[in-house]
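Residue-level listing of the chains:
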Amino acid sequence: SVVVNYSVEYSFGFDLKPDSFDIRPTPAGMEVRIGKPILVASPAVIPLKYEVMSMGLLTDEKTAVIHIQQRLPALALAKGQAMAMEEPIRAACEKKLVEFLRDFLSKQPGVKQVPTITVAYK
């Protein structure tokens, strides 16, 4: 048995290509209709440390650890794709999008009040 500790940094966001979202007026303000959050970059995997739990069972411990570490990016990618569907990730992405839009709109000439912005998924 080998225990591998590693760190992963995920970057989630929205596809913001011009044809991938719509902005519509609503009675309360505006609605952004967009696809659900996605991984916008490959996860950054950093191996931290490892521990061989059963000494003598592996003929080449370093090769075994290297093999395990080489599989980490694929594991992190699969986990990240699953995490993109989770409600806390969606909520964080929505919050960042709304903050960005509010800031952008507030800096436009002649804007005195920014409308309420909601996010809806296609």
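Quick look at the structure, then.

On to the overall build of the chain, then. When you go through the chain residue by residue, the secondary structure sums to 2 helices and 7 strands. In the chain, the succession of helices and strands from N to C terminus is β-β-β-β-β-β-α-α-β. Relative to a compact globule of 122 residues, whose C-alpha radius of gyration would be 14 Å, the chain shows 22 Å and is clearly more extended. Overall size of the chain, expressed as C-alpha extent along the three principal axes, is 70 × 25 × 20 Å. Counting every position in the chain, which comprises 122 residues, the buried fraction comes to 25%. Sequence separation of 24 or more characterises 73% of the internal contacts of the chain that already satisfy a separation of 6 or more. Taken as a whole, the chain presents about 8500 Å² of accessible surface, with 57% of it coming from carbon and sulfur. Charged side chains in the chain number 15 positive and 13 negative. The centres of these two groups are separated by 5 Å.

This paragraph deals with helix H1 (residues 61–83). With 23 residues, H1 extends 32 Å between its outermost C-alpha atoms, agreeing within 8% with the 33 Å of an ideal straight helix rising 1.5 Å per residue. Residue Leu-72 marks the point of greatest curvature in H1, where the axis turns by about 30 degrees; the proline Pro-73 follows within four residues. As for H1, its buried residues are in contact with strand E1 (2–9), strand E2 (12–13), strand E5 (38–39), strand E6 (44–52) and helix H2 (87–106).

What follows concerns the environment of Phe-12. Mapped onto the fold, Phe-12 is located in strand E2. For the pair formed by Phe-12 and Phe-104, sequence separation is 92 residues and the distance between their alpha carbons is 20 Å. For Phe-12, the contacting residues outside a window of four places in its chain are Ile-38, Leu-39, Val-40, Gly-80, Met-83, Ala-84, Ile-89 and Cys-93.

Turning to the environment of Val-8, a few remarks are in order. In this fold, Val-8 is placed in strand E1. Overall, Val-8 belongs to the partly exposed group, its relative accessible area being 24%. In contact with Val-8, not counting residues within four places along its chain, are Pro-43, Ala-44, Val-45 and Ala-76.

Regular strands place their side chains on alternate faces of the sheet. Judged from the 6 bridges that link them, strand E3 (residues 21–26) and strand E4 (residues 29–34) form a sheet pairing that is antiparallel. Residue Ile-23 lies in a different strand from E4, and its bridge partner there is Val-32. The hairpin formed by E3 and E4 contains 2 residues between the paired strands.

Next up on the list: the sheet that holds E3. If you walk across this open sheet you meet the 3 strands as E3-E4-E7, and the pairing is mixed. The outermost strands of the open sheet, each flanked by one partner alone, are E3 and strand E7 (116–121). In this sheet, adjacent strand axes meet at a mean angle of 25 degrees when their direction is disregarded. Here H2 sits on the sheet and contacts E4 and E7; the angle it forms with E7, its principal contact strand, is near 140 degrees.

The rules we used
Residues numbered from 1 in each chain as written. Predicted model: local features only at pLDDT ≥ 70, side-chain atom pairs only at ≥ 80, totals over all residues. Heavy atoms only, no water. Helix = DSSP H or I, 4+ residues; strand = E, 2+ residues; numbered from the N terminus. Rg over C-alpha atoms; globule rule 2.2 N^0.38 Å. Buried < 20%, exposed > 50% of the residue type's maximum accessible area, 1.4 Å probe, protein only. Contact = heavy atoms within 4.5 Å. Areas by Shrake-Rupley, 256 points an atom, 1.4 Å probe, with all protein chains shown as cover. Lys, Arg positive; Asp, Glu negative; His and termini not counted. Charge placed at Lys NZ, Arg CZ, Asp CG, Glu CD. Expected span 1.5 Å × (residues − 1). Bend = angle between axes of the 7 residues up to and from the residue. Pairing = 2+ DSSP bridges. Axes fitted to C-alpha atoms, helices over the stretch in contact; angles between N-to-C directions.

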